[in-house]
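# A look at the structure
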Amino acid sequence: MIQRVQTLYLSIAIILLSFVTVGTTIFSFTNYTSRFAFSSYGITEYSIESGKIVSTKFFPIFIGLITLVLLCFICLMSYKNLKRQYKLGRTVFYIYFLMLVSMILLATFGSKMIGKEDMIREMGLGFFLFVAGFPFTFLANIGIKRDKQLLDSLDRLR
């Protein structure tokens, strides 16, 4: 299990998603009076003058992130059954893709969701970590597919 390349890729994806889950700022919107920071727990409004929290809106992105981390871990641990690992790897990839598209749409149209105009969007560390984990799930799927093809070719030789 340790010597397989998809173990490394899935482990990196799990680590990157875990950093996003702990509450790092994914993106923020700033105008003249306040700053809206979007993390995996929701949207927090900060006052620019005092720096204090004005309001908090609960937006549970962390549920999807924890689900994605658990699916990656289950895919990682199902190394003995390559068919199941391949199906789980594809599922992780598609769910990650849907979450990435929704995150990009939320970053693009998030100022309209808040209800304020004249907002400047700033991408946070969480967004870059979230995007950086996506290619690792793709590379893990390639590694799983290669192992599956290798075992299928060995079964034909027997």
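Let us look at the structure shown here. Everything quoted here is computed from the prediction, not taken from an experiment.

## Observations concerning the packing of helix H2 (residues 62-77) against helix H3 (residues 82-114)
Packing of H2 against H3 leaves a shortest axis separation of 9 Å and a crossing angle of 160°. With respect to their mutual orientation, H2 and H3 come out roughly antiparallel. Here the hand of the crossing between H2 and H3 comes out left-handed. The segment H2 lies against H3, with Gly64, Leu65, Leu68, Leu71, Cys72, Ile74, Cys75 and Leu76 engaging Gln85, Leu88, Gly89, Val92, Ile95, Tyr96 and Met99.

## Topic: the sheet that holds strand E1 (residues 27-30)
Spatial strand order, E4-E3-E2-E1-E5: 5 strands in an open sheet with antiparallel pairing. Of all strands in the sheet, those bounded by a partner on one side alone are strand E4 (53-58) and strand E5 (120-123). Looking at each pair of strands side by side, their axes are set apart by 20° on average, direction ignored. Where strand E2 (residues 34-39) meets strand E3 (residues 42-47), 6 bridges bridge the pair, whose relative direction is antiparallel. Bridge pairing in E3 links Ser39 to Gly42. On top of the sheet, H3 reaches E1, E2, E3, E4 and E5; it is set at about 30° to E1, its chief contact.

## Describing helix H1 (residues 5-21)
Side chains three or four residues apart in an α-helix point the same way, a direct result of the helix having 3.6 residues per turn. Across its 17 residues, H1 extends 25 Å between first and last C-alpha, which sits within 8% of the 24 Å expected from 1.5 Å per residue. Of the residues making up H1, those classed as buried are Gln6, Thr7, Tyr9, Leu10, Ala13, Ile14, Leu16, Leu17, Val20 and Thr21.

## Some words on the environment of Thr108
Checked against the element boundaries, Thr108 lands in helix H3. Thr108 gets classed as partly exposed once you look at its relative accessible area, which sits at 37%. Taking the C-alpha atoms as reference points, Thr108 and Cys75, separated by 33 residues in sequence, lie 32 Å from one another. A polar contact of 2.8 Å, which involves the side chain of Thr108, links it to the backbone oxygen of Ile104.

The rules we used
- Residues numbered from 1 in each chain as written.
- Predicted model: local features only at pLDDT ≥ 70, side-chain atom pairs only at ≥ 80, totals over all residues.
- Heavy atoms only, no water.
- Axes fitted to C-alpha atoms, helices over the stretch in contact; angles between N-to-C directions.
- Helix = DSSP H or I, 4+ residues; strand = E, 2+ residues; numbered from the N terminus.
- Parallel < 35°, antiparallel > 145°, perpendicular 65-115°, else oblique.
- Left-handed = near helix turned anticlockwise from the far one by under 90°.
- Contact = heavy atoms within 4.5 Å.
- Pairing = 2+ DSSP bridges.
- Expected span 1.5 Å × (residues − 1).
- Buried < 20%, exposed > 50% of the residue type's maximum accessible area, 1.4 Å probe, protein only.
- Polar contact = N/O pair within 3.5 Å; in protein donor to acceptor, adjacent residues only side chain to side chain.

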